[in-house]
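Take a look at the letters that make up each chain.
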Amino acid sequence: MIISREITEVRNGFFGSRERRVERKYALPYGGDGRQIARNRLKELRRELHLSEEFGIDSATFYGNGDPIDSFISQYRKTLSRLAKV
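Every value quoted in this text rests on a predicted model; they were computed, and no experiment measured them.

A. Structural context of the overall build of the protein. Scanning the protein from terminus to terminus reveals four helices and two strands. Along the protein, from the amino end to the carboxyl end, the secondary structure elements read β-β-α-α-α-α. Taken across its 86 residues, the protein has 13% of its residues classed as buried. Sequence-distant contacts in the protein: of pairs separated by 6 or more residues, those separated by 24 or more amount to 24%.

Dropping the structure here:
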């Protein structure tokens, strides 16, 4: 299974820094349905595709534990309840 993601790389040169979009690919061996991926492979995948904490993606976001909809609703709960009464 090949997983790809487009990332922004920043290169520092003599005349300053430049940003460019690069497509990164990672080949993940597919062991079949219901099989788990080895921990070291998952760490390598996150590092190669810039999905680790050093690039701003924490574990809750990566694994899907942090639901952005729930955080939105809890942040705007009062406003949403007032709108529901209208």
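B. Just the pattern of salt bridges, in detail. One pass over the full model with this rule turns up four salt bridges. For arginine 20, the salt bridge is made with glutamate 9, and the minimal N-O distance between the two is 3.6 Å. With arginine 20 in strand S2 (residues 16–27) and glutamate 9 in strand S1 (residues 2–13), this residue pair connects regions lying eleven residues apart in the sequence. With its nearest N and O atoms 2.8 Å apart, the salt bridge here joins arginine 24 to glutamate 9. Pair noted here: arginine 24 is in strand S2 and glutamate 9 is in strand S1, with a separation of 15 residues, a long-range link. By sharing partners, the salt bridges in this structure join Glu9, Arg11, Arg20 and Arg24 into a single network.

C. Layout of the packing of aromatic side chains. If you walk through the whole model with that rule in mind, you get one aromatic pair. An angle of 80° between the planes, with centres 5.2 Å apart, marks the rings of phenylalanine 14 and phenylalanine 15 as edge-to-face. Here phenylalanine 15 falls in the exposed class, since its relative accessible area comes to 81%.

D. Representation of unusual backbone geometry within the structure. Positive phi, close to 55°, is recorded for histidine 50, a residue that is not glycine. Inspection of the secondary structure puts histidine 50 in the loop between helix H1 (39–48) and helix H2 (59–63). Relative accessible area serves as the criterion here: at 14%, histidine 50 is assigned to the buried category.

Scoring rules and cut-offs
Residues numbered from 1 in each chain as written. Predicted model: local features only at pLDDT ≥ 70, side-chain atom pairs only at ≥ 80, totals over all residues. Heavy atoms only, no water. Helix = DSSP H or I, 4+ residues; strand = E, 2+ residues; numbered from the N terminus. Buried < 20%, exposed > 50% of the residue type's maximum accessible area, 1.4 Å probe, protein only. Contact = heavy atoms within 4.5 Å. Salt bridge = Lys/Arg side-chain N within 4 Å of Asp/Glu carboxyl O. Phe/Tyr/Trp six-rings, centres within 6.5 Å; stacked < 30°, edge-to-face > 60°.

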